[in-house]
Amino acid sequence: MHPIQDAFPLLQTPKKIFITTHHKPDGDAIGSMLGLCLYLVKKGHTVVPVSPSELPDFLMWMPGVPAILNYEAESKKCEKALAEADIIFCVDFNDYSRTKHLTQQLTAATQPKILIDHHLLPAQVWDYGMSIPEKSSTCEMVYDFINLYGDNSLIDTDIAACLYTGVMTDTGAFRFPITTAAVHEMIADLKHKGLDHSRIHEEIYDSWSLRRMQFLGYVLLEKMEVFPKYNAAVISLSRKDLKLFNVTTGDTEGLVNYPLSIAGIRFATLITERADEVKFSFRSKGDFDVSSFARQYFSGGGHFNASGGRSTASFIDAVTNFKEILSDIHPR
Ligand code: 5GP
Ligand code: MN
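Residues numbered from 1 in each chain as written. Chains lettered and ligands numbered in written order. Predicted model: local features only at pLDDT ≥ 70, side-chain atom pairs only at ≥ 80, totals over all residues. Heavy atoms only, no water.

(A) Local environment of the overall build of the chain. Scanning the chain for helices and strands turns up eleven helices and 13 strands. Expressed along its principal axes, the backbone C-alpha trace of the chain runs to roughly 60 × 45 × 35 Å. Looking at the chain residue by residue over its 332 residues, the buried ones come to 51%. When the accessible surface of the chain is totalled, it reaches about 14,700 Å², and 53% of it is carbon and sulfur. Counting 32 positive and 40 negative side-chain charges, the chain places the centres of these two groups 3 Å from one another. (Helix = DSSP H or I, 4+ residues; strand = E, 2+ residues; numbered from the N terminus. Buried < 20%, exposed > 50% of the residue type's maximum accessible area, 1.4 Å probe, protein only. Areas by Shrake-Rupley, 256 points an atom, 1.4 Å probe, with all protein chains shown as cover. Lys, Arg positive; Asp, Glu negative; His and termini not counted. Charge placed at Lys NZ, Arg CZ, Asp CG, Glu CD.)

And the structure:
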């Protein structure tokens, strides 16, 4: 993969650009896709942002959302946009399989592909890009990319709102160790450009339905198991649990972090039964590497302290298997 600067000549004249991100997108995925999209449109390009699946409700307020195509709902339109594109940008993932439905199309596409991402171990399939695991978020990297191009002055309040969203959500609202001085300097710059940060906190964190809040209460009371011996806790949610509270996309967001607020818990896992697989989310504090853990046991990956994976076993078997691994490896 060549440095992203080598792709600048490609962007000197107006181009048709396809941008995509990972399946079940989060704040950083949509923030970086839209922030980049709004910037490239300002530069005179024609841009189609494509999400592999629907957006969670708490991101629907974001500037640029109406332009997003959802592959699950509009696959033909997305495939046409991909076929017509001159350039493909991929943000907040580093392996085609993370896009699920778009995997084959991206693999087959012959246009120049540009990566902007902060996950560990990128696949060697991009022509140009930035892959920096030390970065807090892909949104921070889109901000760096715009600056690298000398376009800081093009960052308006809409782009600032998109980029802020991803930095805020990926840093746990600026509390994780990955929150560097550079992150705070970036936010200061966005504030100078008119960012209304408290509105964004409200949109993301204070927009729960009563049902979602009650679901959280149920989950913490009934569905969380704590293993003090391993400094670990696991929340497991079957399809039945999810149906009981009519859980929709986004309702389980952040659940995995709650156990880490218990004194002594340094490893938290959320196991969710989905239609076609069992999904694992891992979070840790300190030096337990959940990225390697996810890769080794659950066909996944991600970051050192936040990762995900999956199992094709039945839900019950997947939960049992996880607990066996826990007792085998004794995380500390
Ligand atoms: P989440 O638990 O929120 O789904 O994922 C946590 C982090 O790990 C996110 O940054 C996400 O992109 C990454 N991640 C989740 N699942 C996978 C996976 O299967 N493979 C890789 N490489 N990363 C993942
Ligand atoms: Mn991210």
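(B) Quick look at the coordination of the manganese ion (ligand 2). Surrounding the manganese ion (ligand 2) are the protein donor atoms Asp 28 (OD), Asp 92 (OD), His 118 (NE2) and Asp 170 (OD), which sit 2.2 to 2.4 Å from the metal. Positions of the donor residues of the manganese ion (ligand 2), expressed as sequence spacing, correspond to D-x63-D-x25-H-x51-D. Of this pair, Asp 28 sits in helix 1 (residues 27–42) while His 118 sits in the loop between strand 6 (113–117) and strand 7 (128–131), and the two are 90 residues apart along the sequence. Judged by its relative accessible area of 0%, Asp 28 falls in the buried class. Judged by relative accessible area, His 118 falls into the buried class, the value being 2%. (Donors = N, O, S within 2.8 Å, 3.2 Å for Na, K, Ca; no water.)

(C) Structural view of the sheet that holds strand 11 (residues 278–284). The sheet built from six strands is open, its strands ordered 8-9-10-11-13-12 with mixed pairing. Here the strands that pair on one side only, and so sit at the sheet edges, are strand 8 (224–227) and strand 12 (301–302). Strands strand 8 and strand 9 (232–237) of the sheet are contacted by helix 8 (residues 210–223), whose axis makes an angle of about 120° with strand 9. Of the strands in this sheet, strand 10 (267–273), strand 11, strand 12 and strand 13 (306–311) are in contact with helix 10 (residues 290–298), which crosses strand 13 at around 10°. (Pairing = 2+ DSSP bridges. Contact = heavy atoms within 4.5 Å. Axes fitted to C-alpha atoms, helices over the stretch in contact; angles between N-to-C directions.)

(D) Quick look at the site of ligand 1. Around ligand 1 there are 13 residues in total, and Arg 98, His 119, Lys 279, Ser 281 and Arg 310 lie nearest to it. Here a nitrogen atom of ligand 1 sits 3.4 Å away from a polar atom, N or O, in the main chain of Gly 302. Computed on the free molecule, ligand 1 has an accessible area of 490 Å², of which 84% lies beneath the protein chains in the complex. Sorting the residues of the shell around ligand 1 by element identifies strand 11, strand 12 and strand 13 as the ones contributing at least two each. It is strand 13 that contributes the most residues to the shell around ligand 1, four residues altogether. Its residues placed into classes, the shell around ligand 1 shows one nonpolar, eight polar and four charged. (Near = heavy atom within 4 Å. Polar contact = N/O pair within 3.5 Å; in protein donor to acceptor, adjacent residues only side chain to side chain. Nonpolar A, V, L, I, M, F, W, Y, C, P; charged D, E, K, R; others polar.)

(E) Region of the structure containing the domain arrangement of the chain. In terms of domain boundaries, the chain breaks down into domain 1 (2–205) and domain 2 (210–329). Centre-to-centre, using C-alpha coordinates, domain 1 lies 26 Å away from domain 2. Of the roughly 1,100 Å² buried at the junction of domain 1 and domain 2 (both faces included), carbon and sulfur atoms supply 50%. Of all residues in domain 1, Lys 24, Phe 58 and Leu 120 bury the most surface against domain 2, accounting for 36% of the area lost on that side. Of the charged contacts, one joins Asp 276 and Lys 100 as a salt bridge, the two residues approaching to 2.8 Å between their closest N and O atoms. Counting the contacts that link domain 1 with domain 2 gives five residue pairs in polar contact (both at pLDDT 80 or more). (Domains from an automatic or database assignment. Buried area = accessible area lost by both parts, 1.4 Å probe. Salt bridge = Lys/Arg side-chain N within 4 Å of Asp/Glu carboxyl O.)

(F) The sheet that holds strand 1 (residues 2–3), seen in detail. Ordered by their spatial adjacency, seven strands build an open sheet running 1-7-6-5-2-3-4, and the pairing between neighbours is parallel. In this open sheet, the two strands that pair with only one neighbour each are strand 1 and strand 4 (69–70). When strand 2 (residues 16–20) meets strand 3 (residues 46–51), the two strands line up parallel, connected through five bridges. Bridge assignment links Phe 18 to a residue of strand 3, and that residue is Val 48.

(G) Quick look at the packing of aromatic side chains. Taken as a whole and judged by the stated rule, the model has 26 aromatic pairs. Here Phe 280 and Phe 322 contribute two aromatic rings whose centre-to-centre distance is 6.1 Å and whose plane-to-plane angle is 40°, an arrangement assigned as tilted. In this pair, Phe 280 sits in strand 11 while Phe 322 sits in helix 11 (residues 315–329), placing the two residues 42 residues apart along the sequence. A single burial state applies to Phe 280 and to Phe 322, both of which are buried. The ring centre of Trp 208 lies 3.8 Å from the NZ or CZ of Arg 212, which sits over that ring. (Phe/Tyr/Trp six-rings, centres within 6.5 Å; stacked < 30°, edge-to-face > 60°. Lys NZ or Arg CZ within 6 Å of the ring centre and 35° of its normal.)

(H) Structural view of the pairing of strand 3. The handedness of the strand 2 to strand 3 crossover, carried by helix 1, is right-handed. Bridge count between strand 3 and strand 4: two bridges; the pairing is parallel. Opposite Val 50, over in strand 4, you have Leu 69 as the bridge partner. (Right-handed = clockwise from strand over helix to strand, strands pointing away.)

(I) Broad picture of helix 1. Between its first and last C-alpha, helix 1 extends 22 Å over 16 residues, near the 22 Å set by a 1.5 Å rise per residue. Within helix 1, 13 of the 16 residues are buried, leaving the element largely enclosed by the surrounding structure. Remark: Gly 44 follows helix 1 within two positions and exhibits a positive phi of approximately 100°. (Expected span 1.5 Å × (residues − 1).)

(J) Structural context of the environment of Asp 57. Assignment of secondary structure puts Asp 57 in the loop between strand 3 and strand 4. We classify Asp 57 as exposed; its relative accessible area is 60%. The spacing of Asp 57 and Ser 136 is 79 residues in sequence and 24 Å in space, taken between C-alpha atoms.

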